[in-house]
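# Topology and contacts: notes
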Amino acid sequence: MKEFFGSIADKLFGSASVKAVYGEPIETQGKTIIPVARVAYGFGGGYGESKDNKQEGRNSEGGGVGGGLAVKPVGVIEVTEEETRFIPLSGKKKLAGMLALGFVLGFIIGRR
């Protein structure tokens, strides 16, 4: 079991590189664009056995493991001769907030 978990951990941590967060740079029109993402890993496991089946003379036990990886783009780094800046991607929350504000303003103006 130790070897199994060690193998999984090696694969996960081996893939946790700079390229997993920062994509390949793209050069165009005198600019270098570097994609940026948020990367999260998680894994867990469990083991259990049934007490009811032990009383009946049966042995019932089980275990399991699982893992996951989440990658979310968050923006780009733009590098030019003049400056370097981070440009965040627009979020859905920001869009939803602007829509809600538009509806409220429309309602207020419509009542007048």
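What counts and what doesn't
Residues numbered from 1 in each chain as written. Predicted model: local features only at pLDDT ≥ 70, side-chain atom pairs only at ≥ 80, totals over all residues. Heavy atoms only, no water. Helix = DSSP H or I, 4+ residues; strand = E, 2+ residues; numbered from the N terminus. Buried < 20%, exposed > 50% of the residue type's maximum accessible area, 1.4 Å probe, protein only. pLDDT = per-residue confidence, 0-100. Pairing = 2+ DSSP bridges. Contact = heavy atoms within 4.5 Å. Salt bridge = Lys/Arg side-chain N within 4 Å of Asp/Glu carboxyl O.

### With respect to the overall build of the protein chain
If you tally the helices and strands in the protein chain, you get four helices and four strands. Each helix (α) and strand (β) of the protein chain, taken in turn from the N terminus, gives the series α-α-β-β-α-β-β-α. Classification of the 112 residues of the protein chain by burial places 8% in the buried group.

### Remarks on the confidence of the model for the protein chain
Here the protein chain shows a mean pLDDT of 75. Residues at 70 or above account for 69%. Strand β4 (residues 84–88) holds the highest mean pLDDT among the elements of the protein chain, 91, whereas helix α3 (residues 51–55) holds the lowest, 61.

### Focus: the pairing of strand β3 (residues 61–79)
Here strand β2 (residues 31–49) pairs with β3 via 18 bridges, running antiparallel. The residue of β3 that forms the bridge with V39 is V71. Taken together, β3 and the strand that follows it, β4, pair antiparallel across an intervening segment of four residues.

### Focus: the side chain of T80
Take T80: it is sitting in the loop between β3 and β4. Accessibility expressed as a relative area gives 18% for T80, which makes it buried. In this structure T80 touches G30 and K31, once residues within four positions along its chain are discounted.

### Here we look at unusual backbone geometry
Phi angles above zero are rare outside glycine, and Q29 is one such case at about 50 degrees. Along the chain, the position of Q29 falls in the loop between β1 (26–28) and β2. Residue classification places Q29 among the exposed residues on the basis of a relative accessible area of 76%.

### Some words on the pattern of salt bridges
Per the counting criterion, the structure on display carries two salt bridges. The partner of E78 in a salt bridge is K31, and the shortest N-O contact between them spans 3.3 Å. Linking E78 in strand β3 with K31 in strand β2, this pair joins segments that are 47 residues apart in sequence. Exposure remark for E78: the relative accessible area of 8% places this residue in the buried category. When the shortest N-O distance is used, the salt bridge between R85 and E78 registers 2.7 Å. Residues joined in a network through salt bridges with shared partners are K31, E78 and R85.

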